[in-house]
Amino acid sequence: MRLLTHNMLSCNIKGVTNGFPLIIEAEKVLEKPVDLNPDFLRNMFHKVEWKALVDAAKSLGYSELPESVDPAMLESPEFLHRFHHALLELHLEEGALVCPETGRKFPVNKGIPNMLLHEDEV
Amino acid sequence: MASRPELQAPPEIFYDDTEARKYTSSSRIIDIQARLSERALELLALPDDGIPRLLLDIGCGSGLSGETLSENGHVWVGLDISQSMLNIALEREAEGDLLLGDMGQGLGLRPGVIDGAISISAVQWLCNADKSSHEPRLRLKAFFGSLYRCLARGARAVFQVYPESIAQRELILSSAMRAGFAGGVVVDYPHSSKSRKEYLVLTCGPPSISTAVPKGKGDDGESSSDESSGDDENRTVSISDRHRPRKKQKLNKRGKGREWVLKKKEQMRRKGNVVPPDSKFTARKRKARF
Ligand SMILES: C[S@@+](CC[C@H](N)C(=O)[O-])C[C@H]1O[C@@H](n2cnc3c(N)ncnc32)[C@H](O)[C@@H]1O
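Residues numbered from 1 in each chain as written. Chains lettered and ligands numbered in written order. Predicted model: local features only at pLDDT ≥ 70, side-chain atom pairs only at ≥ 80, totals over all residues. Heavy atoms only, no water.

Participant: Quick question: what am I supposed to make of the UniProt feature "domain: Methyltransferase type" (unreviewed entry) in chain B here?
Facilitator: Within the UniProt annotation, "domain: Methyltransferase type" (unreviewed entry) is assigned to residues 56-158 of chain B. End C-alpha atoms of residues 56-158 of chain B are separated by 10 Å, and the span's content is 31% helix alongside 27% strand. (UniProt positions renumbered as here; feature names shortened; annotations may be inferred. Helix = DSSP H or I, 4+ residues; strand = E, 2+ residues; numbered from the N terminus.)

Written as structure tokens, this is what we have:
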């Protein structure tokens, strides 16, 4: 799972109001290089919750993202590169996602988070 | 034709390792999934500006439909309830991220972030009650409600579906409308029993020009170019049930009784089927006739 997906994902348990962002417990992280597309990044920039991305990247061992941002930074190739790397090239391969409100753990195996809820959570 | 897979077992059981394997080994399945996904993507009517969009593939399975999205330059996230199908997607090195999840429990995604969603032959599964706790109406509501929230305003969702009956199509469509979607059904090749395909085209947000439902292919009697291969098509979702022996009918002298019949009728109603109302004659005893 890439941090792009992590940034969109929130805990869906019935009654949970603050299910975002899920806390990452990383056991194995992979890096898979992909082509950088500046247009995609510019579009995504407005949708991404920046602080969640910074924290998630740190939990995967990458701390090169600036803590605060503004759209003007999208002109900088250096910034785009870091944004791209954090969003699309880092993968959480093994570990867990933890609901910030309930502490419920969603295991991640082979890069796939298991988001299935128990019957009493629906 | 083999009976519909939705009637055989819950999806996470039906799509086991053996069933999932067919998705890598059958060129026919690969071809059909690709064509259905191409059409679904076309109906999404994304802006033609070459910018990759963030899309959702619901019931992404082995990632065949996702491959079409990748080939068209888009970034996608797939959701499926079957681990076996997702394993195949891993094997095929699907480019999208995969989530193990049940669409009937609702999608746990932030509001307004998704640019479009497709789903190939999956949504009709929601009309089944596979567990006693399953209530199709509630599961459809959870699904469409959460989908509506996570889509960007004006974004579309296109689902290729195989509804079992008119009532089932109505149930799916009305759940979508109640969640706030505008749109309707596009039927390709309506005059061909073989190539006929249904797509639910839904738009997020108030009705406008962009929410008008596009025309189906072959509406004016134009025939599908691949009529001959058509017979096989439906089998994407209705694959042989040879391995799954049907439950033997229990023969029991007293019959099933009124209570059992009432329960069954209620179940069928919940699936969206048209069932005659209960009356004092329901499950009455009949004279033995020879
Ligand atoms: C006909 S297959 C579609 C295959 C897929 N488009 C592909 O390219 O492989 C239908 C898929 O829907 C999935 N499905 C059925 N019910 C589901 C549910 N409630 N939530 C998520 N996925 C579901 C099944 O597991 C199956 O993989």
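Don't stop here, the text continues.
Participant: Is there a simple way to explain the packing of helix α3 (residues 50-59) of chain A against helix α4 (residues 77-89) of chain A in this structure?
Facilitator: The relative placement of two packed helices is expressed as an angle between their axes plus a distance between the axes. All names here are of chain A. Where α3 meets α4, the axes come as close as 10 Å, and the angle between the chain directions of the two elements is 70°. Here α4 runs roughly perpendicular to α3, going by the angle between their axes. Note on element contacts: α4 touches α3 through Phe-79, Phe-83, Ala-86 and Leu-87, opposite Trp-50, Leu-53 and Ala-57. For the contact of α3 with α4, the residue count by class is seven nonpolar, no polar and no charged. (Axes fitted to C-alpha atoms, helices over the stretch in contact; angles between N-to-C directions. Parallel < 35°, antiparallel > 145°, perpendicular 65-115°, else oblique. Contact = heavy atoms within 4.5 Å. Nonpolar A, V, L, I, M, F, W, Y, C, P; charged D, E, K, R; others polar.)

Participant: It is not clear to me how the site of the ligand should be interpreted in this structure. Could you clarify?
Facilitator: All names here are of chain B. Lining the immediate surroundings of the ligand are 24 residues, of which Gln-33, Ser-62, Ser-65, Asp-80 and Asp-102 lie closest. Contact distances for the ligand include 2.6 Å between an oxygen atom and a side-chain N or O atom of Ser-62. Between the ligand and Leu-64, the relevant distance is 3.1 Å, taken from an oxygen atom to a main-chain nitrogen or oxygen of the residue. In isolation the ligand exposes 600 Å². Once the protein is present, 100% of that is buried. Of the residues belonging to the shell around the ligand, the class tally is 12 nonpolar, nine polar and three charged. (Near = heavy atom within 4 Å. Polar contact = N/O pair within 3.5 Å; in protein donor to acceptor, adjacent residues only side chain to side chain. Areas by Shrake-Rupley, 256 points an atom, 1.4 Å probe, with all protein chains shown as cover.)

Participant: How do you make sense of the packing of helix α2 (residues 17-25) of chain B against helix α5 (residues 83-91) of chain B when you look at a structure like this?
Facilitator: Residues and elements named next belong to chain B. Across the interface, α2 lies against α5 with an axial gap of 8 Å and an inter-helix angle of 35°. The crossing of α2 and α5 is right-handed. Here Asp-17, Ala-20, Arg-21, Tyr-23 and Thr-24 of α2 come into contact with α5, specifically with Ser-84, Met-85, Ile-88 and Glu-91. Within the contact of α2 with α5, the residues separate by chemical class into four nonpolar, two polar and three charged. (Left-handed = near helix turned anticlockwise from the far one by under 90°.)

Participant: Explain the interface of chain A and chain B here, please?
Facilitator: A common measure of how large an interface is: the accessible area buried when the components associate. Residue-level contacts link 29 residues of chain A with 31 residues of chain B. Both faces combined, the contact of chain A with chain B buries some 2,500 Å², and carbon together with sulfur accounts for 57% of it. Where chain A meets chain B, there are three salt bridges. Taking the shortest distance from any N to any O, the salt bridge between Asp97(B) and Arg2(A) comes out at 3.0 Å. Across the contact surface, chain A and chain B share 15 residue pairs in polar contact (both at pLDDT 80 or more). (Buried area = accessible area lost by both parts, 1.4 Å probe. Salt bridge = Lys/Arg side-chain N within 4 Å of Asp/Glu carboxyl O.)

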